[in-house]
Each structure stands twice: as C-alpha cells, then as structure tokens.
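Letter by letter, the chains look like this.
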Amino acid sequence: MMRPLFATLALAAATTAAAAPAPAPGDLAIRSVEVRPSDPVVGPSGSVRLVVDVVARGAERVSVVLEPGRAPSGDDEPGTEPEPDVSPSPPSGDAVPVPSASPDPGFPAPAVPAPVPAVGPLPGLGGLASAMPGMVGVSPAGGRSAWRVSPASSGEWETWRFLPDKPLSRWYRSGPWTVTATAVNARGERAVARAGFNLRRATEIDGLKAVRDGDAVRVTGTLLRVDPIGKVDYRPFAGQRVEIRFRPAGSPRWRTVGEAVTRRDGWFSARVRADGEGTWRAEYAGTSRYAADASPQREA
C-alpha cells in the first residue's frame, strides 16, 4: 500500500451564525483539522493510534468527536459482508492548547504513537487524553511525556492536540469516519469544523504465479482480506477486480496488460500476451473499506 502517512484533510468550518463574514483577527474560528495517520489501515492484529490537531483562534475550549460515517443504503462495495456487531462509543473530550510556536529546545516534540498490539474487541475508543496547560505528548508506550511550548498571545492561532486513549483496530467499523471539532469562546459562541478519513482493513495478494504458456503468460493468485467477522485472520475476497502489470526487462516502467475478477474463493487467473521477458505482478486498487495491495514480483 503506497500512500502518505501524514496529510492535512480538507474541511469546512462554520460558526453558528449562517453566512457569517470572514472572521476578523482574534475572532473565534477553526482554521484546520489534521488527522494522523490520514488513511489508517488495520490488519488482523495490532492497531493504529490517531492524533488529531485542531488549529483554532479565540477559543477557550475545544473538543472533538470521532464517529463512523453512515453510508447510504446499497452503497457498499461488491463482495462486502455485513459489519460485525461492534458499536464502540464515539470518543469525545477536551484538550489543552498547544500554541503554534517553536517548542522549547530542552523538550523534544512528541512523536506520533507507534501501533500497539490489540488485546481483543474494544468496547469503545474512550475519552481523549488531557494534559497540563502548555504540556502535551505521548510516548510510544502510551504514557505521557512533556512538551513545553511558549504561551501564545491573545488572538493567535493555537494548535489543540487530541490523543485518543484507545487505538483503532479491526473491531471498529471500516469505511468513512467523521471528526467533528467544536471550539467555544468566553462568550459561549461556537465554531464547528469537520474532517473525514477512511478506516480500511488490510488486503493481501497471496501465491502469485507467472507461468509461460506458449506466446502468453498465465498469471494466477488469490486475493485475501482481513476477516470482517473476526473469526479468522484472513478470508477470500470475491468479486474484486485485480490488474495484471508487466515491466519489460531493462525498463523501469510498469504497464497494465490485463485484469481478472476474483472467484468466490478469492482465486484469479489471467492469460495475457507476453512481449518478451520481464517481471509480473498483480495489483488491487482497494475500496473505501479495504486497502490496496500489490503482490510480490515474479519473472517469466
């Protein structure tokens, strides 16, 4: 799966007043919401911890809520099964501001928490980690560490960092999720902004073979996905389109030369013309619920 680990998500921000003019310097506003990693993928084990940064101005309090999006009826990808009956409580809570100034050189900036093993189905994401004013951070093991920053002047943009204390795993609903950030000032006015991300389950192209068959090459393999029911690690992924890619010997470029659709058991087969010797692989593009994957390379 080739995709950026960090990215700022597009969002739409609005105050409670409809069609309000652009905020003046110092007025309550939310400039951005950033989720890291921006495109989380969960496997049969392990989990992914999210970090949510909200850049706001004029706020005394900021909170965020993460909740799975609800796709319209009939919008599921082909071959998907009903999601397991797991309905975690949406995380919510307040955080402390981290002003957008350079951190004190004596205190390292916090790294994004590393994935930690899941211990089984999780009842909910729980509350969001809070910290002392001007101090925020988590260690890879999940404990807190300090990051001291200079206080911000009135009216400046501040970064409010949220660290959900429960990671996302295969037990949570895959597909679209929504992050809703709410900022409140001393007068009780509110600004709301939302950002989205997709929680995807991993896929795997297994057992790829490329065998010469006269003037053609037959490419076969099996597409698997993390079991949506949770009874086993992986199950066959039926009804999915797989591209067959070829790179001629001595060339740095791959090109698509064929495609196949997976059977009920996840197996696929494609017989494509062989234009000389080279390297073969299969690629799956993924969906909003399942991640992309590329097979190991095979020569024929």
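You'll find the structure just up there.
Residues numbered from 1 in each chain as written. Predicted model: local features only at pLDDT ≥ 70, side-chain atom pairs only at ≥ 80, totals over all residues. Heavy atoms only, no water.

Visitor: How would you explain the nonpolar core if you had to name every residue and give the values?
Guide: With 27 residues, the main nonpolar core has Ile-30, Val-33, Val-52, Val-54, Val-62, Leu-66 and Phe-197 as its most contacted residues. For this core, the secondary structure elements donating two or more residues are strand S3 (29-36), strand S5 (51-57), strand S6 (61-68), strand S10 (157-164), strand S11 (175-184) and strand S12 (190-201). The element contributing the most residues to this core is S12, with five residues. Counting 20 residues, the second largest nonpolar core, distinct from the first, contains Ala-210, Val-217, Val-242 and Ile-244. (Core = buried A, V, L, I, M, F, W, Y, C linked by side-chain atoms within 4.5 Å. Buried < 20%, exposed > 50% of the residue type's maximum accessible area, 1.4 Å probe, protein only. Helix = DSSP H or I, 4+ residues; strand = E, 2+ residues; numbered from the N terminus.)

Visitor: Got a sec to walk through the pairing of strand S19 (residues 278-284)? Specific residues and values, please.
Guide: The element S19 is largely enclosed, with a buried count of seven among its seven residues. Examined bridge by bridge, S19 and strand S21 (residues 298-299) share two bridges and lie antiparallel to one another. Pairing of Trp-280 across the sheet is with Arg-298, part of S21. In this sheet, strand S20 (residues 293-294) lies alongside S19 in antiparallel orientation, the contact comprising two bridges. Each bridged residue has a counterpart across the sheet, and for Glu-283 the counterpart in S20 is Ala-294. (Pairing = 2+ DSSP bridges.)

Visitor: Quick one: what's the story with the side chain of Glu-283, residue by residue and with numbers?
Guide: In this structure, Glu-283 sits in strand S19. A polar atom in the side chain of Glu-283 sits 2.6 Å from the side chain of Arg-281. (Polar contact = N/O pair within 3.5 Å; in protein donor to acceptor, adjacent residues only side chain to side chain.)

Visitor: Would you mind going over the environment of Leu-66 in detail, with residue names and values included?
Guide: Position of Leu-66 relative to the elements: it lies in strand S6. Separated by 112 residues in sequence, Leu-66 and Thr-178 have C-alpha atoms that sit 5.8 Å apart.

Visitor: Which residues make up the pattern of salt bridges, and what values do they have?
Guide: Inspection of every chain in the model, using the stated rule, returns 16 salt bridges. Close ionic contact of Arg-36 with Asp-53 constitutes a salt bridge, the shortest N to O distance being 2.9 Å. Of this pair, Arg-36 sits in strand S3 while Asp-53 is found in strand S5, placing the two residues 17 residues apart along the sequence. Pair check on accessibility: Arg-36 and Asp-53 agree, each one buried. Salt bridges sharing common partners tie together Asp-213, Asp-215, Arg-255, Arg-271, Arg-273 and Asp-275. (Salt bridge = Lys/Arg side-chain N within 4 Å of Asp/Glu carboxyl O.)

Structural measurements only, silent on function.
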